[in-house]
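Chains, contacts and geometry: an overview
Listed here are the chains, written in short residue letters.
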Amino acid sequence: MAAVVNDLRARTRCGPPTSFDLRSTVVRTGPARVPLNLDSTCSAASASKRLPDVGSKKRVTLVRHGQSTWNKEGRIQGSSDLSVLTQKGESQAEITREMLQGKHFDIGFRSPLARASRTAEVIWDSRDSKLIDLWELREIDLCSFQGLLKEEGKEKYGDKYAAWKADPANFEIDGHFPVRELWERGAECWKSILDADGQEVLVVAHNAVNQSMVANALGLGSEYFRRLSQSNCGLTTFVFNPYQGEEAHSVILERLNQTPALPLKGNADMTYNRALLICSSLPKDEDEDEAEERTKVAESLAKVLMEEGIKSIWHDSAAFSSSLAYEIANLLKVNDFDNVFDSTDANMRSLRGAGTTVLLAEESVIATCVAHALQVDGGLGVTLNLSTGGMTLIDFSHQNVSIACINYTAHL
């Protein structure tokens, strides 16, 4: 077994696999033309500062690959290409294909690594348009760590492995700063993708590289690594509009990390410390009856919140929010549901309460809460386009607050 593991490590250093050369079959790009500040502070600059402008509206859907054999084993993959999808990973890809059923894509990009390439094939299915391998979409280059089980990383590398876990943005290995380099590569990926023809684009890649692309679109630096979740086969969708000047957000985030499985796994024992923000903006469809829509949304939400052990519900000052809070509280038999949230620091701190804190609020309030949780001054730099009843989940369980999902809607 030791010989096998050593062989794995020998073939999974920084850069492409040495056993074969994928680069001959992939699209490569030159250096990014958009300057990237790798040492950015916690403020979200306008996304247009980091990303190239588009001539016309473009929607991009990012997907992480399904569960791989090395995901299951707890082995560090990086940019190695020695793992494939598990049966669960194949099933996740099939569910994501169903989630995107009927969705037109003009073009698709994928990482050429097997786990992402296969996921893309499953999702792309019988579409006639092109699916392009893009080498820059490979996973983060983790050099000597690649091939190690996580416990082996602790044992063999000690302080260096601890540094990787504690401060990844400043982590160095084999003469590389993997996360900083990845953030620069994320900008290069956007350049290739946004320059391509077509208005509807699918991108299938990996956890870390998808994080870097999401952060670049939000104007966030490499210190946000591990704070913008990308789960197996999770969907993230951005809309890019032509630049309209400094005051207008040209980038819209429609959803972050919509996964095949529900992001809530039960929290009655208060194991997790998290805030569930539910969009209560009035329905955008003017033909919908407001009361009927409210009841439908309340029933859908009550089903998924049943195991969360909700003790109280907050809402903003909008009438639809308070009415929706009342209906959900009735269904869940929650007595404490008339807490008015006004985005003050005290109210923001209340989101960190034990267990799952529920807030029903309009899009602008949710955007403020997300920016506050990420400690971003001046807002996110993008517009959130949320659905009535869409769920945004903020995880306070770890030292660095992370966003588990934005606008999850599969329950509706």
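Model, not experiment: these values are computed from the prediction. (Residues numbered from 1 in each chain as written. Predicted model: local features only at pLDDT ≥ 70, side-chain atom pairs only at ≥ 80, totals over all residues. Heavy atoms only, no water.)

**A closer look at the overall build of the protein**
The helix and strand tally for the protein stands at 12 helices and 13 strands. Residues classed as buried in the protein amount to 55% of the 412 residues present. Counting contacts in the protein only where the partners sit at least 6 residues apart, residues at least 24 apart contribute 74% of the total. Put simply, the protein shows about 17,500 Å² of open surface, and 46% of that area lies on carbon and sulfur atoms. (Helix = DSSP H or I, 4+ residues; strand = E, 2+ residues; numbered from the N terminus. Buried < 20%, exposed > 50% of the residue type's maximum accessible area, 1.4 Å probe, protein only. Contact = heavy atoms within 4.5 Å. Areas by Shrake-Rupley, 256 points an atom, 1.4 Å probe, with all protein chains shown as cover.)

**A word on the side chain of Thr392**
Within the secondary structure layout, Thr392 lies in strand β12 (residues 391–395). Accessibility expressed as a relative area gives 0% for Thr392, which makes it buried. At a separation of 3.3 Å, a polar atom in the side chain of Thr392 contacts the main-chain amide nitrogen of Asn407. Thr392 has contacts with Ala275, Leu276, Leu277, Ile366, Val370, Cys405, Ile406 and Asn407, leaving out every residue within four places of it along the chain. (Polar contact = N/O pair within 3.5 Å; in protein donor to acceptor, adjacent residues only side chain to side chain.)

**Considerations on the packing of helix α7 (residues 178–195) against helix α8 (residues 207–218)**
Where α7 contacts α8, the two axes come as close as 8 Å, and the packing angle between them is 75 degrees. Considering the angle they form, α7 stands roughly perpendicular to α8. Residues Leu182, Trp183, Arg185, Gly186, Ala187, Cys189, Trp190 and Ile193 of α7 pack against Ala208, Val209, Gln211, Ser212, Met213, Ala215, Asn216 and Ala217 of α8. Across the contact of α7 with α8, the residue classes break down as 11 nonpolar, four polar and one charged. (Axes fitted to C-alpha atoms, helices over the stretch in contact; angles between N-to-C directions. Parallel < 35°, antiparallel > 145°, perpendicular 65-115°, else oblique. Nonpolar A, V, L, I, M, F, W, Y, C, P; charged D, E, K, R; others polar.)

**Quick notes on the layout of surface pockets**
Here the second largest pocket defines a volume of roughly 190 Å³. Considering the residues around the second largest pocket, the lining is formed by 15 residues, among which Arg59, Thr237, Glu254, Arg255 and Asn407 are closest to the centre. The element that contributes the greatest number of residues to the lining of the second largest pocket is strand β6 (residues 251–258), accounting for three residues. (1 Å grid on protein atoms, 1.4 Å probe; cavity = no way out; pocket = protein on both sides within 12 Å on 5 of 7 lines; lining within 4 Å. Points joined across faces, edges and corners; volume = space filled by probe spheres on them.)

**Re the nonpolar core**
Ranked by internal contacts, the top residues of the largest apolar core, which has 72 residues, are Phe109 and Trp190. If sequence neighbours within four positions are ignored, Phe109 has contacts with Leu131, Ile132, Leu134, Leu137, Ser192, Ile193, Ala196, Val201, Leu202, Val203 and Val204. Judged by nonpolar contacts, the second largest core, of 25 residues, contains Leu264, Ile278, Leu305 and Cys405. (Core = buried A, V, L, I, M, F, W, Y, C linked by side-chain atoms within 4.5 Å.)

**Details of the side chain of Asn232**
Tracing the chain through its elements places Asn232 in the loop between α8 and β5 (235–240). A distance of 3.1 Å separates the side chain of Asn232 from the backbone oxygen of His65, its partner in a polar contact. Within the structure, Asn232 has its side chain in polar contact with the side chain of Asn71 (distance 3.4 Å). Among all residues touching Asn232, those that are not within four sequence positions of it are Arg64, His65, Gly66, Gln67, Asn71, Gln92 and Pro260.

**Concerning the environment of Leu412**
Its location among the elements puts Leu412 in the segment after β13 (402–408). Relative accessible area serves as the criterion here: at 45%, Leu412 is assigned to the partly exposed category. A sequence separation of 22 residues divides Leu412 from Gly390, and the C-alpha atoms of the two residues are 7.9 Å apart.

**A short note on α8**
In a regular helix each residue adds 1.5 Å, so 12 residues correspond to 16 Å; α8 covers 17 Å between its end C-alpha atoms and thus fits that length. Among the 12 residues of α8, 11 are classified as buried, and the element is accordingly described as predominantly covered. Against the buried residues of α8 lie β1 (58–64), α7, β4 (200–205), β5 and β6. Once α8 finishes, Gly219 follows within two positions and takes phi at roughly 75 degrees, a positive value. (Expected span 1.5 Å × (residues − 1).)

**Re the packing of aromatic side chains**
Per the stated rule, a full pass over the model turns up 12 aromatic pairs. With centroids separated by 5.7 Å and ring planes inclined at 50 degrees, the aromatic side chains of Phe145 and Tyr161 adopt a geometry described as tilted. Taken together, the positions of Phe145 in the loop between β3 (130–133) and α5 (150–157) and Tyr161 in helix α6 (residues 159–166) put the pair 16 residues apart, joining distant regions of the chain. The same class applies to Phe145 as to Tyr161, namely buried. Between Trp190 and Phe238, the ring centres sit 6.0 Å apart and the planes meet at 90 degrees, which makes this aromatic pair edge-to-face. Here the residue Trp190 occupies a position in helix α7, and Phe238 occupies one in strand β5, the gap between them amounting to 48 residues. Note that Arg75 overlies the ring of Trp70, its terminal NZ or CZ placed 5.6 Å from the centroid. (Phe/Tyr/Trp six-rings, centres within 6.5 Å; stacked < 30°, edge-to-face > 60°. Lys NZ or Arg CZ within 6 Å of the ring centre and 35° of its normal.)

**A look at the confidence of the model for the protein**
When the pLDDT values of the protein are averaged, the result is 87; 86% of them are 70 or greater. In this model residues 1–12 is a low-confidence stretch, pLDDT under 50, and it forms 19 contacts with partners more than four residues away in sequence or in other chains. Across residues 16–49, where pLDDT falls below 50, the model places 82 contacts with residues more than four positions away in sequence or in other chains. (pLDDT = per-residue confidence, 0-100.)

**Description of the pattern of salt bridges**
Scanning the model with the defined rule gives 15 salt bridges in all. Linking Asp195 and Lys191 is a salt bridge whose minimum nitrogen-to-oxygen distance equals 1.9 Å. Of this pair, Asp195 and Lys191 both sit in helix α7, four residues apart, which is roughly one turn of the helix. Here Lys191 falls in the buried class, since its relative accessible area comes to 12%. Between Arg274 and Glu308 there is a salt bridge whose closest N-O contact spans 2.6 Å. Taken together, the residues Arg274 in strand β7 (residues 274–279) and Glu308 in the loop between α9 (290–305) and β8 (312–315) connect sequence positions 34 residues apart. In this structure, Arg274 and Glu308 share a single accessibility class: buried. Each of the salt bridges in this network shares a partner with another, and the network as a whole consists of Glu90, Arg110, Arg118, Glu121 and Asp133. (Salt bridge = Lys/Arg side-chain N within 4 Å of Asp/Glu carboxyl O.)

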